Amino acid sequence: MEFETLAVHAGQEPDVNNGAVMTPIYQTSTYMQDGVGKARAGYEYSRTKNPTRLALENCLAALEGGGYGLAFSSGMAATDTVLRLVDSGAHVLAGNDVYGGTFRLFDKILRRYGLNFNFIDTTDPENVAETLSPQTQLIWLETPTNPLLSISNIQAIAGIVHLHPNHPLLVVDNTFATPYLQHPLELGADIIIHSTTKYLGGHSDAVGGAVIVKERVVYEKLAFLQNAVGAVPGPMDCFLVLRGIKTLPVRMDRHAENAAFLVDYLSSHPKISRIMYPFHRSHPQVQIAKKQMRNGGGMISFIMQGGSASAVKVAESTKLITLAESLGGVESLIEVPAAMTHLSTAGSQMAVDPGLVRLSVGIENKEDLLADIQQALDKA
Ligand SMILES: Cc1ncc(COP(=O)(O)O)c(C=O)c1O
């Protein structure tokens with residue numbers, strides 16, 4: 001079946017007990033057993049398995065073209081659980097423009113457990129080839145990145161990584177693209193992670209994360225960790241993400257249409273020194289973006305000529321577009337990464353330009369959005 005059909009139906013059957021068409025919110029922590037150690041269909045305890053969560057996990061696996069899906073209580077919980085696949089002393093290679101929270105987890109927490117990280121520019125696959133070491137167990141890519149929307153060539157990097165004798169795992173954070181725009185597993189990745197808080201949920205009403213894998217052996221390790229560590233989502237949040245996913249293709253097309261319309265305006269604005277959008281002609285990796293993504297997505301970043309003060313002024317002057325962290329919801333959001341989402345990178349090699357503004361373009365009327373951003377830029 002095609003993606004749009006899978007988004008509505010995958011992993012979801014009418015309820016066997018009563019025919020409910022929408023997956024029920026199985027708000028239960030435990031399950032009656034038919035005898036000691038005789039659980040029905042493997043349901044013993046909801047940290048281990050829950051029917052609403054399972055429907056979401058199977059839906060995510062189908063959308064990413066993977067064998068198996070696992071849902072988590074946040075994108076960071078998904079990331080943390082995946083990093084527990086590697087051994088103390090291992091080397092991990094990560095992009096130098098990953099989400100600030102990912103950098104914080106790697107740099108401030110996991111280093112303390114003996115992991116060695118290199119944050120490199122993965123937009124050039126050669127940098128990956130040069131930095132791989134005999135100790136490398138995992139490569140972490142985010143593409144497009146948050147907040148600079150840089151693109152890494154997944155297929156080229158997978159080719160390099162798979163030649164490595166230790167078979168390190170190639171992980172792709174597919175949050176910005178979503179499975180509607182990009183299929184990292186088909187391009188050679190081993191693991192995909194998502195913050196389902198963003199486009200998959202799509203309505204800014206739930207925090208969640210996901211991991212999708214190709215191979216059963218990796219899935220079994222992660223399912224063990226999911227249960228042992230316990231960073232699982234509740235059934236209500238799983239229901240909300242499942243419901244959001246049903247409209248993902250429709251929303252993503254509108255996000256991209258609106259974003260392209262705003263990019264046209266912003267790219268020639270005299271107060272903006274640089275615009276970042278994966279499908280814009282000025283983007284340094286536009287050709288790769290067009291090869292591995294269906295459309296340019298709904299995120300735009302731009303740098304104000306006037307630096308930090310102008311960026312803050314624009315972000316504080318929009319009326320329809322809400323000043324807030326997060327992204328990927330139906331409503332448009334604006335923020336200044338250096339002072340908000342990426343504050344944790346201040347003073348590090350990952351620090352972002354203080355004049356950078358990030359826009360999550362929603363699905364409102366594009367003329368209304370343009371009028372709002374125009375009046376905000378006039379004030380900056
Ligand atoms: C690309 C990316 N990955 C991971 C995360 C973390 O997800 P969560 O906030 O759901 O923990 C975020 C959050 O903004 C993100 O933008």
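Refer to the structure presented above.
The paragraphs below set out a description of the structure included in this document. Counting from 1, residues in each chain are numbered in the order their sequence is written. Since the coordinates come from a predicted model, pLDDT governs what is reported: local features require at least 70, and pairs of side-chain atoms require 80 or more to be given and counted, while whole-chain, interface and lining totals use all residues. With hydrogens and water stripped out, all remaining heavy atoms of the structure feed into the side-chain values.

### Side note on a negative patch on the surface
Residues D121, D124, E126 and E130 make up a contiguous surface patch of negative charge. Put simply, DSSP H or I for four residues or longer makes a helix, DSSP E for two residues or longer makes a strand, and each gets a number counted from the N terminus. Inspection of the secondary structure puts D121 in the loop between β3 (116-120) and α5 (125-131). Patch definition: residues above 30% relative accessible area lacking any salt bridge, with like charges linked at up to 9 Å and the nonpolar side chains Val, Leu, Ile, Met, Phe, Trp and Tyr linked at up to 5 Å. Exposure was quantified through the Shrake-Rupley algorithm and a 1.4 Å probe, taking into account, for residues, occlusion by the shown protein chains and nothing else. In what follows, salt bridge is the name for a side-chain nitrogen of Lys or Arg lying within 4 Å of a carboxyl oxygen of Asp or Glu. Neither His nor the chain termini are counted; the positive set is Lys and Arg, and the negative set is Asp and Glu. A charged residue contributes its charge at one atom only: NZ of Lys, CZ of Arg, CG of Asp or CD of Glu.

### Brief notes about the layout of surface pockets
Points on a 1 Å grid over protein atoms alone make up a cavity when a 1.4 Å probe fits among them but cannot get out, and a pocket when they form an open set with protein on both sides within 12 Å along at least five of seven lines; lining residues each have an atom within 4 Å of a point. Grid points are joined across faces, edges and corners, and a volume is the space filled by probe spheres set on the points. What the largest pocket holds in volume is close to 450 Å³. If you trace the largest pocket, you find 18 residues lining it, with D15, V16, Y26, Y43 and P51 closest to the centre. Grouping the constituent residues of the lining of the largest pocket by class yields 10 nonpolar, six polar and two charged. Here the second largest pocket is characterised by a volume of approximately 370 Å³. As for the second largest pocket, its lining consists of 22 residues, of which M76, Y99, N146, S195 and K198 are closest to the centre. Every element with two or more residues in the lining of the second largest pocket is listed here: α3 (75-83) and β6 (191-195). Here the nonpolar group is Ala, Val, Leu, Ile, Met, Phe, Trp, Tyr, Cys and Pro; Asp, Glu, Lys and Arg are the charged ones; every other residue, Gly included, is treated as polar. For the lining of the second largest pocket, the class distribution of residues is seven nonpolar, 10 polar and five charged.

### What to know about the site of the ligand
Close contacts around the ligand come from 13 residues, with N146, D173, S195, T197 and K198 the closest. Each polar contact in these results corresponds to two N or O atoms within 3.5 Å; when the atoms are within protein, one needs to be able to donate a hydrogen and the other to accept it, and residues that are neighboring in sequence are counted only if both atoms are side-chain atoms. Contacts to the ligand include N146, whose side-chain N or O atom sits 2.9 Å from an oxygen atom. K198 has a polar side-chain atom sitting 2.9 Å from an oxygen atom of the ligand. When isolated, the ligand has an accessible area of 390 Å², and the protein chains bury 91% of it. Tallied by class, the residues present in the shell around the ligand amount to three nonpolar, seven polar and three charged. Proximity is defined per residue: any heavy atom of the residue falling within 4 Å of a molecule or strand makes that residue near it.

### Some words on the pattern of salt bridges
Inspection of the entire model under this criterion finds eight salt bridges. For K366, the salt bridge is made with E257, and the minimal N-O distance between the two is 3.1 Å. A residue pair is termed long-range when its members are at least 10 positions apart, and K366 in helix α13 (residues 366-379) and E257 in helix α10 (residues 248-266) qualify at 109 residues. Members of the salt-bridge network, linked through shared partners, are D107, K108 and R111.

### Side note on the sheet that holds strand β10 (residues 322-323)
Strands pair, by our definition, only if DSSP identifies at least two bridges between them. Here we have five strands laid out as an open sheet, ordered β8-β9-β12-β11-β10, and mixed in their pairing. Each edge of the open sheet is held by one strand with a lone partner, namely β8 (272-276) and β10. Note that strand β11 (residues 333-335) and strand β12 (residues 356-360) share three bridges and pair antiparallel. Residue pairing for β12: E335 is matched across the bridge by R358. Contacts between residues were defined by any pair of non-hydrogen atoms, one from each residue, lying within 4.5 Å. Axis geometry follows a simple rule: fit a line to the C-alpha atoms, using only the stretch in contact for helices, then measure angles between N-to-C directions, giving values from 0 to 180 degrees. The strands that α10 touches are β8, β9 (299-304) and β12; relative to β9, the one it contacts most, it runs at about 15 degrees.

All we've got here are geometric facts, nothing functional implied.
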